[in-house]
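Geometric and topological summary
In case you want the letters, here they are:
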Amino acid sequence: MNIGVVVFPGSNCDHDCQYVFRDVLGQDVTMVWHKEPSLAGLDAVILPGGFSYGDYLRTGAIARFSPVMQAVKQFATEGKLVLGICNGFQILLEAGLLPGAMLRNKSLHFICRETFVKVENAATPFTHACKPSQVLKIPIAHADGNYYTDPVTLAGLQANAQIILRYCTVDGTVTPGSCPNGSLDNIAGLCNAEGNVLGMMPHPERCAEAMLGNEDGRLILASMVEGLKKTKRAEAVT
Amino acid sequence: MKAKIHVTLKPGILDPQGKAIEHALDSLGFKHAANVRVGKYIELDLPEADVTKAEVAVKAMCEKLLANTIIEEYRYEMG
(Lines give C-alpha, C1' and ligand atoms only; values in the text may rest on other atoms or scores of the structure.)
Protein backbone atom coordinates (compact mmCIF):
# COMPACT_ATOMS: atom_id res chain seq x y z
CA MET A 1 0.00 0.00 0.00
CA ASN A 2 1.08 3.58 -0.53
CA ILE A 3 0.45 5.68 2.58
CA GLY A 4 0.67 9.46 2.32
CA VAL A 5 1.89 11.45 5.31
CA VAL A 6 1.08 15.15 5.01
CA VAL A 7 3.77 17.55 6.19
CA PHE A 8 2.62 20.97 7.35
CA PRO A 9 5.03 23.66 8.56
CA GLY A 10 5.31 22.65 12.21
CA SER A 11 4.35 18.97 11.87
CA ASN A 12 6.66 16.97 14.12
CA CYS A 13 5.27 13.43 14.17
CA ASP A 14 5.45 13.02 10.39
CA HIS A 15 8.67 11.01 10.48
CA ASP A 16 7.36 8.77 13.26
CA CYS A 17 4.39 7.93 11.03
CA GLN A 18 6.69 7.39 8.07
CA TYR A 19 8.90 5.09 10.15
CA VAL A 20 6.04 2.93 11.44
CA PHE A 21 4.28 2.48 8.10
CA ARG A 22 7.52 1.93 6.18
CA ASP A 23 9.87 0.13 8.55
CA VAL A 24 7.49 -1.60 10.95
CA LEU A 25 4.54 -2.37 8.66
CA GLY A 26 6.52 -2.64 5.42
CA GLN A 27 4.47 -0.25 3.30
CA ASP A 28 5.41 2.43 0.80
CA VAL A 29 5.21 5.90 2.30
CA THR A 30 4.99 9.19 0.42
CA MET A 31 5.66 12.40 2.31
CA VAL A 32 3.20 15.00 1.00
CA TRP A 33 4.18 18.67 1.42
CA HIS A 34 1.17 20.75 2.40
CA LYS A 35 1.30 22.74 -0.86
CA GLU A 36 0.69 19.60 -2.90
CA PRO A 37 -2.72 19.89 -4.60
CA SER A 38 -3.14 16.18 -5.39
CA LEU A 39 -3.12 12.89 -3.51
CA ALA A 40 -3.26 10.74 -6.64
CA GLY A 41 -1.88 7.22 -6.24
CA LEU A 42 -2.24 7.11 -2.44
CA ASP A 43 -4.28 4.46 -0.65
CA ALA A 44 -4.61 6.33 2.67
CA VAL A 45 -3.56 9.66 4.11
CA ILE A 46 -2.24 10.54 7.57
CA LEU A 47 -2.42 14.03 9.06
CA PRO A 48 0.31 13.74 11.69
CA GLY A 49 0.74 15.40 15.04
CA GLY A 50 2.69 18.55 15.70
CA PHE A 51 2.10 22.26 15.89
CA SER A 52 1.09 23.22 12.36
CA TYR A 53 1.56 26.97 11.85
CA GLY A 54 2.62 27.27 15.49
CA ASP A 55 -0.97 26.68 16.62
CA TYR A 56 -1.58 30.36 15.80
CA LEU A 57 -5.16 31.57 16.23
CA ARG A 58 -6.42 28.06 17.13
CA THR A 59 -4.93 24.60 16.71
CA GLY A 60 -5.42 23.51 13.12
CA ALA A 61 -7.12 26.77 12.11
CA ILE A 62 -4.51 27.85 9.55
CA ALA A 63 -3.46 24.38 8.33
CA ARG A 64 -7.02 23.87 7.19
CA PHE A 65 -6.35 26.39 4.37
CA SER A 66 -3.27 24.60 3.03
CA PRO A 67 -3.73 23.57 -0.62
CA VAL A 68 -3.45 19.89 0.31
CA MET A 69 -6.58 20.12 2.43
CA GLN A 70 -8.81 20.50 -0.64
CA ALA A 71 -7.30 17.26 -1.89
CA VAL A 72 -7.81 15.65 1.52
CA LYS A 73 -11.48 16.65 1.43
CA GLN A 74 -11.87 15.15 -2.02
CA PHE A 75 -9.98 12.02 -0.91
CA ALA A 76 -12.35 11.64 2.05
CA THR A 77 -15.41 12.18 -0.15
CA GLU A 78 -14.23 9.31 -2.33
CA GLY A 79 -14.40 7.08 0.75
CA LYS A 80 -10.65 6.68 1.13
CA LEU A 81 -9.05 6.42 4.57
CA VAL A 82 -7.92 9.57 6.36
CA LEU A 83 -6.39 9.38 9.85
CA GLY A 84 -5.72 12.54 11.84
CA ILE A 85 -3.54 12.10 14.91
CA CYS A 86 -3.47 14.81 17.60
CA ASN A 87 -2.85 18.02 15.63
CA GLY A 88 -4.16 16.08 12.62
CA PHE A 89 -7.41 15.51 14.53
CA GLN A 90 -7.57 19.23 15.35
CA ILE A 91 -7.09 20.05 11.65
CA LEU A 92 -9.89 17.63 10.65
CA LEU A 93 -12.21 19.40 13.10
CA GLU A 94 -11.30 22.86 11.81
CA ALA A 95 -11.72 21.66 8.23
CA GLY A 96 -15.20 20.37 9.02
CA LEU A 97 -14.33 16.79 8.06
CA LEU A 98 -15.27 15.79 11.61
CA PRO A 99 -17.84 17.55 13.83
CA GLY A 100 -17.01 19.57 16.94
CA ALA A 101 -14.05 21.54 18.21
CA MET A 102 -11.17 21.32 20.67
CA LEU A 103 -10.96 23.40 23.82
CA ARG A 104 -7.92 23.91 26.03
CA ASN A 105 -7.36 20.99 28.42
CA LYS A 106 -9.43 21.41 31.55
CA SER A 107 -6.25 21.50 33.67
CA LEU A 108 -4.66 24.09 31.33
CA HIS A 109 -1.58 21.87 31.23
CA PHE A 110 0.14 20.37 28.25
CA ILE A 111 -0.27 16.68 29.09
CA CYS A 112 2.28 14.16 27.87
CA ARG A 113 1.68 10.72 29.33
CA GLU A 114 0.26 7.26 28.75
CA THR A 115 -3.52 6.93 28.62
CA PHE A 116 -5.83 3.97 28.40
CA VAL A 117 -8.50 4.04 25.73
CA LYS A 118 -11.36 1.64 25.16
CA VAL A 119 -12.19 0.53 21.63
CA GLU A 120 -15.90 1.35 21.52
CA ASN A 121 -16.33 0.29 17.92
CA ALA A 122 -14.09 -2.47 16.57
CA ALA A 123 -15.94 -2.67 13.26
CA THR A 124 -14.17 0.22 11.53
CA PRO A 125 -11.29 0.30 9.02
CA PHE A 126 -9.11 1.67 11.83
CA THR A 127 -9.96 -0.78 14.62
CA HIS A 128 -10.91 -4.16 13.10
CA ALA A 129 -7.66 -5.72 14.36
CA CYS A 130 -8.80 -4.91 17.91
CA LYS A 131 -11.22 -6.93 19.99
CA PRO A 132 -14.50 -5.18 20.89
CA SER A 133 -14.01 -3.16 24.10
CA GLN A 134 -10.26 -3.88 24.04
CA VAL A 135 -8.25 -1.49 26.20
CA LEU A 136 -5.24 0.06 24.47
CA LYS A 137 -2.42 1.92 26.18
CA ILE A 138 -1.48 4.83 23.94
CA PRO A 139 0.28 8.07 24.93
CA ILE A 140 -1.13 11.55 24.50
CA ALA A 141 0.80 14.81 24.15
CA HIS A 142 -1.38 17.87 23.78
CA ALA A 143 -2.69 21.08 25.34
CA ASP A 144 -5.94 21.23 23.37
CA GLY A 145 -7.64 17.84 23.51
CA ASN A 146 -10.77 18.77 25.40
CA TYR A 147 -13.33 17.76 22.79
CA TYR A 148 -16.57 19.73 22.62
CA THR A 149 -19.67 19.52 20.52
CA ASP A 150 -23.31 20.47 20.97
CA PRO A 151 -25.70 17.95 22.63
CA VAL A 152 -27.53 17.13 19.39
CA THR A 153 -24.30 16.31 17.53
CA LEU A 154 -23.06 14.27 20.51
CA ALA A 155 -26.29 12.23 20.54
CA GLY A 156 -25.80 11.58 16.82
CA LEU A 157 -22.20 10.46 17.34
CA GLN A 158 -23.33 8.08 20.08
CA ALA A 159 -26.29 6.71 18.10
CA ASN A 160 -24.18 6.07 14.99
CA ALA A 161 -21.32 4.45 16.94
CA GLN A 162 -18.93 7.16 15.68
CA ILE A 163 -17.16 7.43 19.02
CA ILE A 164 -14.36 4.96 18.40
CA LEU A 165 -12.05 5.48 21.38
CA ARG A 166 -12.85 6.67 24.90
CA TYR A 167 -10.46 7.37 27.75
CA CYS A 168 -10.84 4.74 30.46
CA THR A 169 -9.16 3.10 33.43
CA VAL A 170 -6.66 0.27 32.97
CA ASP A 171 -9.50 -2.26 33.23
CA GLY A 172 -11.67 -0.48 30.66
CA THR A 173 -14.08 1.45 32.87
CA VAL A 174 -14.98 4.84 31.43
CA THR A 175 -14.92 7.27 34.36
CA PRO A 176 -14.56 11.06 34.66
CA GLY A 177 -11.29 10.45 36.53
CA SER A 178 -9.81 8.51 33.61
CA CYS A 179 -10.33 11.43 31.22
CA PRO A 180 -7.05 13.37 31.12
CA ASN A 181 -8.28 16.55 29.46
CA GLY A 182 -11.97 17.13 30.20
CA SER A 183 -13.07 15.77 26.83
CA LEU A 184 -16.84 15.44 26.42
CA ASP A 185 -18.05 11.86 27.02
CA ASN A 186 -14.36 10.84 27.46
CA ILE A 187 -13.94 11.05 23.67
CA ALA A 188 -10.40 10.22 22.56
CA GLY A 189 -11.22 9.38 18.94
CA LEU A 190 -14.19 9.70 16.63
CA CYS A 191 -14.99 9.09 12.99
CA ASN A 192 -17.28 10.62 10.39
CA ALA A 193 -20.69 9.14 9.56
CA GLU A 194 -19.23 7.19 6.61
CA GLY A 195 -16.52 5.72 8.86
CA ASN A 196 -13.53 6.49 6.62
CA VAL A 197 -12.17 9.53 8.47
CA LEU A 198 -10.84 9.04 12.01
CA GLY A 199 -9.47 11.67 14.35
CA MET A 200 -7.73 10.62 17.56
CA MET A 201 -5.73 12.50 20.18
CA PRO A 202 -3.54 9.56 21.36
CA HIS A 203 -0.45 8.79 19.27
CA PRO A 204 -0.53 5.20 17.92
CA GLU A 205 2.69 5.81 15.98
CA ARG A 206 4.55 6.23 19.28
CA CYS A 207 3.74 2.72 20.50
CA ALA A 208 3.82 0.43 17.49
CA GLU A 209 6.95 -1.58 18.02
CA ALA A 210 7.96 -4.24 20.59
CA MET A 211 11.34 -2.57 21.06
CA LEU A 212 9.52 0.44 22.55
CA GLY A 213 7.75 -1.77 25.07
CA ASN A 214 4.27 -1.20 23.72
CA GLU A 215 2.71 -2.29 20.45
CA ASP A 216 -0.90 -1.28 21.12
CA GLY A 217 -0.81 1.55 18.60
CA ARG A 218 0.17 -0.86 15.89
CA LEU A 219 -3.35 -2.34 16.02
CA ILE A 220 -4.82 0.92 14.71
CA LEU A 221 -2.27 1.40 11.91
CA ALA A 222 -2.18 -2.29 10.96
CA SER A 223 -6.01 -2.32 10.78
CA MET A 224 -5.76 0.32 8.06
CA VAL A 225 -3.08 -1.56 6.11
CA GLU A 226 -4.74 -4.99 6.35
CA GLY A 227 -8.14 -3.55 5.39
CA LEU A 228 -6.65 -1.82 2.36
CA LYS A 229 -4.91 -5.02 1.28
CA LYS A 230 -8.19 -6.95 1.53
CA THR A 231 -9.98 -4.34 -0.56
CA LYS A 232 -7.22 -4.47 -3.19
CA ARG A 233 -7.41 -8.26 -3.34
CA ALA A 234 -11.19 -8.15 -3.69
CA GLU A 235 -10.86 -5.58 -6.49
CA ALA A 236 -8.27 -7.74 -8.25
CA VAL A 237 -10.63 -10.74 -8.19
CA THR A 238 -13.60 -8.87 -9.64
CA MET B 1 -10.90 51.86 8.32
CA LYS B 2 -9.89 49.83 11.35
CA ALA B 3 -11.81 46.82 12.59
CA LYS B 4 -11.43 45.87 16.24
CA ILE B 5 -12.54 42.30 16.74
CA HIS B 6 -13.08 40.42 19.98
CA VAL B 7 -13.37 36.64 19.99
CA THR B 8 -14.47 34.87 23.17
CA LEU B 9 -15.75 31.45 24.15
CA LYS B 10 -19.54 31.24 24.05
CA PRO B 11 -21.39 31.57 27.35
CA GLY B 12 -21.74 28.16 28.96
CA ILE B 13 -18.56 26.79 27.45
CA LEU B 14 -15.96 26.12 30.11
CA ASP B 15 -13.09 28.61 29.97
CA PRO B 16 -10.24 27.02 31.96
CA GLN B 17 -8.02 30.09 31.51
CA GLY B 18 -10.78 32.36 32.79
CA LYS B 19 -11.26 30.07 35.80
CA ALA B 20 -7.53 30.06 36.59
CA ILE B 21 -7.39 33.87 36.40
CA GLU B 22 -10.49 34.13 38.58
CA HIS B 23 -8.80 31.98 41.23
CA ALA B 24 -5.66 34.10 41.01
CA LEU B 25 -7.67 37.30 41.40
CA ASP B 26 -9.45 35.75 44.34
CA SER B 27 -6.16 34.90 46.03
CA LEU B 28 -4.98 38.49 45.45
CA GLY B 29 -7.96 39.70 47.42
CA PHE B 30 -10.25 40.61 44.51
CA LYS B 31 -13.00 38.44 45.95
CA HIS B 32 -15.82 39.96 43.90
CA ALA B 33 -14.37 39.36 40.45
CA ALA B 34 -16.67 36.77 38.88
CA ASN B 35 -17.27 35.13 35.50
CA VAL B 36 -13.78 35.88 34.15
CA ARG B 37 -13.61 35.04 30.44
CA VAL B 38 -10.47 35.16 28.33
CA GLY B 39 -10.61 35.97 24.64
CA LYS B 40 -8.63 37.23 21.70
CA TYR B 41 -8.39 40.75 20.38
CA ILE B 42 -7.64 41.18 16.70
CA GLU B 43 -7.39 44.48 14.84
CA LEU B 44 -6.94 45.02 11.15
CA ASP B 45 -7.09 47.77 8.54
CA LEU B 46 -9.41 47.74 5.56
CA PRO B 47 -9.24 50.08 2.54
CA GLU B 48 -13.07 50.15 2.46
CA ALA B 49 -14.59 53.57 3.26
CA ASP B 50 -18.17 52.31 3.48
CA VAL B 51 -18.85 50.95 6.99
CA THR B 52 -21.61 48.60 5.87
CA LYS B 53 -19.41 47.00 3.22
CA ALA B 54 -16.49 46.76 5.61
CA GLU B 55 -18.70 45.09 8.19
CA VAL B 56 -19.78 42.48 5.64
CA ALA B 57 -16.12 41.65 5.04
CA VAL B 58 -15.27 41.52 8.76
CA LYS B 59 -18.25 39.28 9.49
CA ALA B 60 -17.13 36.89 6.73
CA MET B 61 -13.58 36.86 8.15
CA CYS B 62 -14.92 36.02 11.60
CA GLU B 63 -17.18 33.25 10.32
CA LYS B 64 -14.55 31.68 8.08
CA LEU B 65 -11.38 32.01 10.12
CA LEU B 66 -11.10 34.34 13.09
CA ALA B 67 -13.67 32.55 15.25
CA ASN B 68 -14.64 28.90 15.46
CA THR B 69 -18.38 29.44 15.84
CA ILE B 70 -18.89 25.99 17.36
CA ILE B 71 -17.24 27.22 20.54
CA GLU B 72 -16.64 30.94 20.08
CA GLU B 73 -18.60 34.13 19.50
CA TYR B 74 -17.32 37.42 18.15
CA ARG B 75 -18.11 41.10 18.15
CA TYR B 76 -16.44 43.99 16.41
CA GLU B 77 -16.23 47.74 16.30
CA MET B 78 -15.43 49.71 13.16
CA GLY B 79 -13.73 53.05 13.21
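One can find the structure itself at the top, above this paragraph.
A short tour of the structure in this document, coming up.

1. A look at the overall build of chain B
Tallying secondary structure elements over chain B gives two helices and three strands in all. In chain B, the succession of α and β elements from N to C terminus is β-α-β-α-β. The C-alpha radius of gyration of chain B comes to 16 Å, more than 25% above the 12 Å expected for a compact globule of 79 residues. Intrachain contacts of chain B at a sequence separation of at least 6 include 70% that bridge at least 24 residues. Accessible surface, chain B: about 5000 Å² in total, of which carbon and sulfur atoms supply 58%.

2. With respect to the interface of chain B and chain A
Between chain B and chain A, the residue contacts involve 16 residues of the former and 16 residues of the latter. With both sides pooled, the region where chain B packs onto chain A buries about 1300 Å², and carbon together with sulfur makes up 70% of that total. Ranking the residues of chain B by area buried against chain A places Pro16(B), Leu65(B) and Ile70(B) at the top, with a combined share of 36%. Two residues, Glu72(B) and Arg58(A), come together in a salt bridge whose shortest N-O distance is 3.7 Å. At the level of elements, helix H1 (16-27), strand S2 (39-45) and helix H2 (51-66) of chain B are the ones that each hand at least two residues to the side of chain B that touches chain A. The class makeup of the residues in the side of chain B that touches chain A is eleven nonpolar, two polar and three charged.

Reading the values: the criteria
In this numbering scheme, every chain counts its residues from 1 along its sequence in written order. Labels are handed out in written order, letters beginning with A for the chains and numbers beginning with 1 for the ligands. Where totals are concerned, whole chains, interfaces and linings use all residues; where local detail is concerned, this predicted model gives features only for residues with pLDDT of at least 70, and gives and counts side-chain atom pairs only at 80 or more. No hydrogens and no water enter the side-chain calculation; it runs on all heavy atoms of the structure. Working definition: helices are DSSP H or I runs of at least four residues, strands are E runs of at least two. Numbering for both runs from the N terminus. Using C-alpha atoms as the atom set, the radius of gyration is obtained and then compared with a globule rule of 2.2 Å times the number of residues to the power 0.38. Between two residues, a contact is recorded if the distance between any of their heavy atoms is within 4.5 Å. Method for areas: the Shrake-Rupley scheme with a 1.4 Å probe, in which residue coverage is limited to the protein chains shown. As a working definition, buried area equals the accessible area (1.4 Å probe) given up by two parts on being put together, with both sides summed. Put simply, a salt bridge is a Lys or Arg side-chain nitrogen that is within 4 Å of an Asp or Glu carboxyl oxygen. Each residue is assigned to one of three groups, with Ala, Val, Leu, Ile, Met, Phe, Trp, Tyr, Cys and Pro labelled nonpolar, Asp, Glu, Lys and Arg labelled charged, and all others, Gly among them, labelled polar.

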